Amino acid sequence: MKNNIILICNDEKISEEIKNKILLLRNKDNFFQIKEENCFEIIKEKKPVLILYHCPINNESFLDITNKVKQNQELKDCSIIAVFDEIDENILCTAFEKGLTDFLLTSSTDSEYTIRTIWCLQKREISYESESKKEILSQLKILDKKNHVYTENYTYTILKEESKKEWGTFVVLAPDIDVRSKISPDSLMGIIKRNVRSCDILGFASDFKIYLWFKQTEKDNVLKVLEKIKKVLTSNFTISAGYIETKNIAFDKAEEMANNALSKALLKGNSFIYAKEPKKKEINLDVNVKNFKVHKENLIKKLENILSPLFYQTQKRIEEKLFESKVTQVVEEEKSFFKLENEKGTSVFTVSCPGYTKINIEIIHDIKDSDLKAEKLFVDKEEISEEKIEYLLDSFIKNFQNYTNV
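Described in the following lines is the structure provided in the data block. (Residues numbered from 1 in each chain as written. Predicted model: local features only at pLDDT ≥ 70, side-chain atom pairs only at ≥ 80, totals over all residues. Heavy atoms only, no water.)

## Describing the overall build of the chain
Quick reminder of the rule: Helix and strand definitions here come from DSSP, where helices need a minimum of 4 consecutive H or I residues and strands a minimum of 2 consecutive E residues; each element is numbered from the N-terminal end. The atom set for the radius of gyration is the C-alpha atoms, and the globule formula is 2.2 Å times the number of residues raised to the power 0.38. Summary of the burial criterion: residues with accessible area below 20% of their type's maximum are buried, those above 50% are exposed, and those between are partly exposed, where the area comes from a 1.4 Å probe applied to protein chains only. In what follows, residue pairs with any heavy atoms lying within 4.5 Å of each other are defined as contacts.
The helix and strand tally for the chain stands at eleven helices and 15 strands. Since a compact globule built from 406 residues should have a radius of gyration of about 22 Å, the 28 Å found for the chain marks it as more spread out than a globular shape. By principal-axis analysis of the C-alpha atoms, the chain measures approximately 90 × 50 × 40 Å. Residue burial in the chain is summarised as follows: out of 406 residues, 43% are buried. A sequence separation of at least 24 residues applies to 62% of the contacts in the chain between residues at least 6 apart.

Shown next as structure tokens:
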């Protein structure tokens, strides 16, 4: 089977020179020489495996054609080589961002043309083989069909296996609470994928979360990647993340710590927090007991003012929707809870105040034939608000519905 190769060039003399160099060792291919005008229509018709585009200085139309080719589903695997009379670094860098495969000079030798051409064709074959495998994995629902990243059912398993091979930095990322209706998870994943390396591993997780694995990459470099992703997002859409290096840490522990860091980041909003083991504090026996009691009383009062109306209103709102489930809510000084139970299991959302600086939130789903882990969050008193607790409570209710199919 012959490959179609297209040369786009308005200069007849240069076209002939390039044609002779290409055909010298690529005589088994179909070679088409065309001009820039209406070239995309011919490209769509011929479906080439390789395009060589002659780029005189200040040739902006090259960027437009490169972008169109890479956005076209039938042409996205086509390799593109820019041929410059003189290197234009601005156009070259922009073109690589749009999908350019390689570049040459018109003065390059026959061997350079041959080797670069063969490289591009080999890359295309590898890409084609990779896409075929991805399509099979998509049909098996291991990869999602749109972005070819791991689906929620497989992300944890894949990343845990990767963590056994070598260390890396693990990231749990999610859109901020108040912007989740502004972009779909698929669109956000697409943006993230375009701004990480091909060797980085991405996958969907529950509750708007996206898991990322950066192999043998230190936390400082991962933070730079997260900042880069933040910059390419629109100004009215923000993300938060928890991340941790996995050196000497089992993946299950790393996942727990990164999720806890994400929860803190979401409460702040638009934040990236590195997960750390909590430091053990020495107890000061001379602490002012009276001051401690005042602080705790104020915190309990604040929490009660938030929880009493929120728990009551939420119960009234969902009882009709969850008519086969019993809804119970209790607000007390030391511990308050919101409970959902039916024949398939029981879920409890507990809020407690053991100290005077932090509030503990514990989420337990005890569902038949499942092994779900308890989730514990520790929220600073300054960061607690009705909106934050309402978000966590709504997520808890949605998860109960998913786990029990109600």
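## Let's talk about the packing of aromatic side chains
The following threshold applies: The aromatic pairing rule takes the rings of Phe, Tyr and Trp, using the six-membered ring of Trp, and pairs them if the centres are within 6.5 Å, calling planes under 30 degrees apart stacked, those over 60 edge-to-face and the rest tilted. Whether a charge lies above a ring is judged from NZ of Lys or CZ of Arg, which has to be within 6 Å of the ring centre and within 35 degrees of the ring normal.
One pass over the full model with this rule turns up eight aromatic pairs. Plain terms: the ring middles of Phe 311 and Phe 338 are 5.4 Å apart, the flat faces sit at 70° to each other, and that makes the pair edge-to-face. Remark: Phe 338 occurs in strand β12 (residues 335-342) and Phe 311 occurs in helix α10 (residues 289-319); sequence separation between them is 27 residues. Judged on exposure class, the residue Phe 311 and its partner Phe 338 are both buried. Members of the aromatic cluster, connected to one another through ring pairs, are Tyr 156, Phe 170, Tyr 211 and Phe 251. When the ring centre of Tyr 274 is taken as reference, the NZ or CZ atom of Lys 219 above it lies at 5.4 Å. Note that Lys 230 overlies the ring of Phe 272, its terminal NZ or CZ placed 4.6 Å from the centroid.

## Some thoughts on the pattern of salt bridges
Our working rule: When a carboxyl oxygen of Asp or Glu is within 4 Å of a side-chain nitrogen of Lys or Arg, the pair counts as a salt bridge.
According to the stated counting rule, one finds 14 salt bridges in the structure shown. The shortest N-O distance in the salt bridge between Lys 35 and Glu 12 comes to 3.1 Å. Of the two residues, Lys 35 is situated in the loop between β2 (30-34) and α2 (39-46) and Glu 12 in helix α1 (residues 12-25); the sequence distance between them amounts to 23 residues. Looking at Lys 35, the relative accessible area reads 40%, which means it is partly exposed. Accessibility expressed as a relative area gives 48% for Glu 12, which makes it partly exposed. In this structure, Glu 41 and Lys 44 form a salt bridge, with 3.5 Å as the shortest nitrogen-oxygen distance. Here Lys 44 and Glu 41 lie together in helix α2, a separation of three residues that amounts to about one turn. In this structure Glu 41 comes out as partly exposed when scored by relative accessible area, which is 48%.

## Topic: the environment of Phe 337
Note that Phe 337 resides in strand β12. Setting aside anything within four residues of it in sequence, one finds Phe 337 in contact with Phe 311, Thr 328, Gln 329, Val 330, Val 348, Phe 349 and Thr 350.

## With respect to helix α8 (residues 219-232)
Because an α-helix packs 3.6 residues into every turn, residues spaced three or four apart end up facing the same way. Rules: Any helix carries an expected span of 1.5 Å times its number of residues minus one. An arc is given here, and it is the one of the directions from the helix axis to the C-beta atoms.
In a regular helix each residue adds 1.5 Å, so 14 residues correspond to 20 Å; α8 covers 20 Å between its end C-alpha atoms and thus fits that length. Turning to α8, its buried residues are Val 222, Leu 226 and Ile 229. Around the axis of α8, the buried residues are gathered within 55° of arc, so they sit on the same side. Relative to its buried face, α8 has exposed residues pointing more than 90 degrees away, namely Lys 224 and Lys 231. On its buried face, α8 is in contact with β6 (168-175), α7 (185-194), β8 (210-215), β9 (239-245) and β10 (272-274).

## Concerning the sheet that holds β9
Cut-off, in case you're wondering: Criterion used throughout: strands pair if DSSP finds at least two bridges between them. In this description, a line fitted to the C-alpha atoms serves as the axis of each element, helices being fitted only across the stretch in contact, and the angle between N-to-C directions of two axes falls anywhere from 0 to 180 degrees.
The strand order β7-β8-β6-β9-β10 describes an open sheet built from five strands, whose pairing is mixed. Pairing within the sheet leaves two strands with one partner each, and these edge strands are β7 (201-204) and β10. Taking each pair of neighbouring strands and ignoring which way they run, the sheet shows an average axis angle of 20°. Relative to β8, β7 runs antiparallel, the two being bridged by four bridges. The partner of Leu 202 across the bridge, within β8, is Leu 212. α8 rests against β6, β8, β9 and β10 of the sheet, and its axis sits at about 165° to β9. Running over the sheet, helix α9 (residues 251-268) touches β6, β8, β9 and β10 and is turned about 150° from β9.

## Structural notes on the sheet that holds strand β5 (residues 102-105)
On the basis of which strands lie adjacent, the open sheet formed by five strands has the order β2-β1-β3-β4-β5 and parallel pairing. Each of the sheet's edge strands pairs with one partner strand only, and the pair in question is β2 and β5. Taken over all neighbouring pairs, the strand axes of this sheet differ in orientation by 20° on average, direction set aside. Across four bridges, strand β1 (residues 4-8) lies against strand β3 (residues 50-55) in parallel orientation.

## So, the packing of helix α6 (residues 152-165) against α9
The line we're drawing: Any angle between 65 and 115 degrees counts as roughly perpendicular, while under 35 counts as roughly parallel, over 145 as roughly antiparallel, and the rest as oblique.
Here α6 crosses α9 at 120°, and the two axes come no closer than 10 Å. On the basis of their axis angle, the class for α6 and α9 is oblique. On α9, the residues touching Tyr 156, Leu 159, Lys 160 and Ser 163 of α6 are Phe 251, Asp 252 and Glu 255.

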